[in-house]
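Chain and residue survey
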Amino acid sequence: MHWASDFPPQSLPATPMLPVGAGRSYGDVCLLDHGTLLTTRSLDRFCHFDPATGILRCEAGATLAEILEFAVPRGFFLPVTPGTKYVTVGGAIANDVHGKNHHLVGTFGRHLLRFELLRSDGTRLLCSPAQNPEWFRATIGGMGLTGLISWAEIRLRPIVSRQIRYQGTKFVGLEEFAALSRAAAHSEYTVAWLDCVARGRNFARGIFMQGQHSEEPQPLRPSKPAHLTFPIDLPEFALNPFSVGLFNALYYNKQLAKQKTGFVDYEPFFYPLDSVLQWNRIYGKSGLLQFQCVIPWEHGTQSGIVRILEAITASGLASFLAVLKVFGDKPSPGLLSFPMPGITLALDFPIRQQLSFALFDRLARITLEHGGKLYPAKDARMTAPQFQAFYPQWREFAQYVDPRFSSAFWQRVTQLA
Amino acid sequence: MGATSAIAIATCRRLAARNANFYLVARSEPKLQAVAADLLTRGASAVTLNVMDLDDPAQHPPMLASAAAALGQIDLALIAHGVLGDQQQAQSDYSSAEAILRTNLLSPISLCTWLGNYFAAQRSGVLAVISSVAGDRGRQSNYVYGTSKGALNIFLDGLRNRVDRLGVQVLTIRPGFVATPMTAHLRRNALFADPDTIARGILQAIRRRKDVVYLPPVWAAIMFVIRGIPQAIFKKLNM
């Protein structure tokens, strides 16, 4: 796709179609076997920007990196950003992504004013909370299945500096994490890094990070492009409990004091992994699986997360940088949005065939028992019954799926058990 | 000219960040509007649009005169329109070969004639024209397209020889494979560059007052080798 007017094509392909943005989802929501992918990265034009309100209208293939490159020198920042800036606006809508400020401002979709949805029958729908609200709701978190998003309008937030005022606090155990989260409820950005390898008295140790945009005006220079590229696929044995344990111990102890404060540029604060292109090669040729669940407060959040962590630690499969975060109570705008009030845990696993797959199944079952759910954007393994239990509204959503659209994920989770 | 081509868009975006004033020419009005909005959002000080088919040379002088009037003065002209054409069809049917030559060769020659004289009278200006590495040697896979670009290269050499001494820079841009709508049907390989890489190279070549630039630069070496292959061997190759 190079122009929004290219869709729908004059002759529709016989097989299903799926719009794809940067292809950064970890699982198969952006894949489709035996079908046609509508690659949207060339739809990267900006349509309008109003510096008085911070409202930007752009085509859906523009990446968050491109928006930041444009907006930061003009004194604006994304209202919500995930852990990588190399995703497209269309992808951010389709997965209703969240960031470190979820507890205060909710998901990306909440900062969306309107967008245009193109259907394969040629219908163009302008969607906003007031106009075609049911399509607005279905498309946010709709995994690209409701049609092609051609452009979107988002409200950016003002900043006066690239710097983030940062505070890191070491903790051991989920009690302490929960206490820190409560105390930091008014901090703009909060997230915790967790060591999933440490056992015994170090079980569930980590670093709780909070930050806010600095209010001291500083020159808003553009970012330098990332130039480090991870050069090779590491062999599978490189990632083992010993090397990961060593990395985690070093990371945990890099910060000597219980608490550390300072200023840090927004790039390393929000996008630590983006500075090394193709970091995923560290997992070797077989690659990685992501796991992300949310456990709601009312179902004994802590016992649920503890059981999941115990299963992970016991498996010996964990890798570095598990991420723990409290989701706030701002309602997610999408019919299939993932976030809900509770605690979310995300981490990578190297793929070790049956071992990893069995663990994933166990984790999904624990999540279900505690009233939680998994994040489709990161999933490659949940079964159809699991998905349908996590997202009972899926049948309602199915009415909005474009009859010519599908995805590998959608085929996988809607098949009858 | 050819303002909705991927290389032109990428080049204009970089110039928009420096608040340039644009006069854009292309065939499709909705596409041109989208490009204009993009450039204005990114910092262009003004954008004037002209929807026209550049295949008709009779329309060139009035269009260029209106561009000069809209801009006050033309500092840089970028000629970026072109078609790849269908070699199979062009080798069996002369009229489709002629269509390729009309768009890729005759149309730029007409534009360059007017612009060359305009810049010469002004005693300054940059005339940047997108040619192709395909113009360096005829190959069976696309020699009609190659002819249009090769002949264009010779025309630009001659024009440069005439107007360089009058303060005019004539830049022949010879890109290799670029990931654009024109090459969307080809299988991507490691030699494909993205349009912004080409745009960066174009603006750098203008700054350095280059005459001919291969983009990315690795194509200078590749084409040096290809040009050096003796005919006795070359004619037996499948290229």
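Just so it is clear, the model here is predicted, and its values are computed rather than measured.

Some thoughts on the overall build of chain A
Secondary structure summary: chain A contains twelve helices and 19 strands in total. Radius of gyration (C-alpha) of chain A: 21 Å, near the 22 Å computed for a compact globule of 417 residues. Seen through its C-alpha atoms, chain A measures out along the principal axes to roughly 65 × 55 × 45 Å. Here chain A, with 417 residues, has 46% of them falling under the buried criterion. In chain A, of all internal contacts separated by at least 6 residues, the share reaching a separation of at least 24 is 75%.

Description of the domain arrangement of chain A
All names here are of chain A. Taken domain by domain, chain A consists of domain 1 (4–159) and domain 2 (163–390). Computed from C-alpha atoms alone, the centre-to-centre distance between domain 1 and domain 2 is 24 Å. Taken residue by residue, the interface counts 35 residues in domain 1 and 32 residues in domain 2. Mapped by element, the contributors of at least two residues to the side of domain 1 that touches domain 2 are α3 (102–105) and α4 (133–139).

A closer look at the sheet that holds strand β5 (residues 169–175) of chain B
Residue and element names in this part refer to chain B. The four strands lie next to each other as β3-β4-β5-β6, forming an open sheet whose pairing is parallel. A strand with exactly one partner marks an edge of an open sheet, and here the two such strands are β3 (76–79) and β6 (212–215). The average undirected angle you get between the axes of adjacent strands in this sheet is 20°. Pairing between β3 and strand β4 (residues 126–130): four bridges, direction parallel. Paired with Ile 79 across the bridge in β4 is Val 129.

Quick notes on the sheet that holds strand β14 (residues 259–265) of chain A
Residues and elements named next belong to chain A. Ordered in space as β14-β10-β12-β11-β17-β18-β16-β19, the eight strands form an open sheet in which the pairing is antiparallel. Edge strands, defined here as strands with exactly one partner in the open sheet, are β14 and β19 (373–374). Sheet topology note: the strand β10 (residues 163–172)/β14 ladder contains seven bridges and is antiparallel. The residue bridging Arg 165 from the neighbouring strand is Phe 263, located in β14. Relative to the sheet, helix α5 (residues 174–183) contacts β10, β11 (189–194), β12 (205–213) and β17 (322–327), its axis offset from that of β10 by approximately 150°.

Overview of unusual backbone geometry
Between Phe 7 of chain A and Pro 8 of chain A the backbone carries a cis peptide bond, its omega angle lying at -5°. Take Pro 8 of chain A: it is sitting in the segment before β1 (17–20). Residue Pro 216 of chain B follows Leu 215 of chain B across a cis peptide bond; omega there is -15°. Tracing the backbone through its elements, the reader meets Pro 216 of chain B in the loop between β6 and α8 (218–228). Phi at Ala 204 of chain A takes a positive value of approximately 60°, unusual for a residue other than glycine. Structurally, Ala 204 of chain A is set in the loop between β11 and β12. Of the residues examined, Ala 204 of chain A has 25 C-beta atoms within 10 Å and is grouped as buried. Backbone geometry places Arg 209 of chain B, a non-glycine residue, at a positive phi of 50°. Secondary-structure assignment places Arg 209 of chain B in the loop between α7 (195–207) and β6.

Quick notes on the interface of chain A and chain B
Listed by partner, the interface residues are nine residues for chain A and eight residues for chain B. With four residues, strand β3 (residues 46–50) of chain A is the single largest residue contributor to the side of chain A that touches chain B.

Remarks on the packing of helix α5 (residues 94–122) of chain B against helix α6 (residues 143–163) of chain B
Residues and elements named next belong to chain B. Relative orientation of the contacting elements α5 and α6 amounts to 10°, with a least axis distance of 9 Å. When the axes of α5 and α6 are compared, the pair comes out roughly parallel. Of the two elements, α5 crosses α6, and the hand of that crossing is right-handed. Here Ala 97, Ile 100, Leu 101, Asn 104, Leu 105, Pro 108, Ile 109, Cys 112, Gly 116, Phe 119 and Ala 120 of α5 lie close against α6, whose contacting residues are Val 144, Tyr 145, Ser 148, Lys 149, Ala 151, Leu 152, Phe 155, Leu 159 and Val 163. Within the contact of α5 with α6, the residues separate by chemical class into 16 nonpolar, three polar and one charged.

Looking at the packing of helix α3 (residues 60–71) of chain B against α5 of chain B
Residues and elements named next belong to chain B. At a closest axis distance of 10 Å, the pairing of α3 and α5 adopts a crossing angle of 40°. If you check the angle between α3 and α5, you find them oblique. The handedness of the crossing between α3 and α5 is right-handed. Residue-level inspection shows His 60, Pro 61, Leu 64 and Ala 68 of α3 in contact with α5, the latter providing Ser 110, Leu 111, Trp 114, Leu 115 and Tyr 118.

Here we look at the pairing of β5 of chain B
Residue and element names in this part refer to chain B. In terms of residue burial, β5 counts as a mostly covered element, since seven of its seven residues are buried. With burial as the criterion, each face of β5 is covered, one bearing Gln 169, Leu 171, Ile 173 and Pro 175 and the other bearing Val 170, Thr 172 and Arg 174. Relative to β5, β4 is paired through five bridges, and the arrangement is parallel. Looking across to β5, one finds that Ile 130 is bridged to Ile 173. Crossover handedness for the path β4 to α6 to β5: right-handed.

Observations concerning α6 of chain B
For α6 of chain B, with 21 residues, the first-to-last C-alpha span of 29 Å sits near the 30 Å given by 1.5 Å per residue. On its buried side, α6 of chain B packs onto α4 (87–92), α5, β4 and β5 of chain B.

Thoughts on the environment of Ala 178 of chain A
All names here are of chain A. Locating Ala 178 in the fold gives a position in helix α5. With 17 C-beta atoms counted inside 10 Å, the residue Ala 178 sits in the partly exposed group. Expressed as a C-alpha distance, the spacing of Ala 178 and Val 326, which sit 148 residues apart in the sequence, is 8.4 Å.

Some remarks on the nonpolar core
Soluble globular proteins tend to pack their nonpolar side chains together in the buried interior. Core analysis: the largest hydrophobic core is formed by 110 residues, its most contacted members being Ile 67, Ile 93, Ala 152, Ala 322 and Leu 345 of chain A. Two domains each put at least three residues into this core: domain 1 (4–159) and domain 2 (163–390) of chain A. Within the second largest apolar cluster, 54 residues are counted, among which are Ala 6, Ile 7, Ala 8 and Trp 219 of chain B.

Some points on the environment of Gln 393 of chain A
Residues and elements named next belong to chain A. Residue position: Gln 393 is located in the loop between α10 (384–390) and α11 (394–398). Put simply, Gln 393 and Pro 217 are 176 residues apart on the chain and 46 Å apart in space, counted from C-alpha to C-alpha. Each residue touching Gln 393, except ones within four places of it in the same chain, is listed here: Leu 335 and Leu 336.

Topic: the confidence of the model for chain B
In this model, chain B carries a mean pLDDT of 96, and residues with pLDDT of at least 70 account for 100%. As a predicted assembly, this complex carries a pTM of 0.93 together with an ipTM value of 0.89.

Here we look at the environment of Ser 5 of chain B
Residue and element names in this part refer to chain B. Positionally, Ser 5 belongs in the segment before α1 (6–16). In this structure Ser 5 comes out as buried when scored by C-beta crowding, with 22 C-beta atoms within 10 Å. In this structure the C-alpha to C-alpha distance between Ser 5 and Ala 77, which are 72 residues apart in sequence, comes to 15 Å.

So, how was this worked out
Residues numbered from 1 in each chain as written. Chains lettered and ligands numbered in written order. Predicted model: local features only at pLDDT ≥ 70, side-chain atom pairs only at ≥ 80, totals over all residues. Helix = DSSP H or I, 4+ residues; strand = E, 2+ residues; numbered from the N terminus. Rg over C-alpha atoms; globule rule 2.2 N^0.38 Å. Buried ≥ 20, exposed ≤ 12 C-beta atoms within 10 Å, placed from the backbone. Contact = placed C-beta atoms within 7 Å. Domains from an automatic or database assignment. Pairing = 2+ DSSP bridges. Axes fitted to C-alpha atoms, helices over the stretch in contact; angles between N-to-C directions. Parallel < 35°, antiparallel > 145°, perpendicular 65-115°, else oblique. Left-handed = near helix turned anticlockwise from the far one by under 90°. Nonpolar A, V, L, I, M, F, W, Y, C, P; charged D, E, K, R; others polar. Right-handed = clockwise from strand over helix to strand, strands pointing away. Expected span 1.5 Å × (residues − 1). Core = buried A, V, L, I, M, F, W, Y, C linked by C-beta atoms within 7 Å. pLDDT = per-residue confidence, 0-100.

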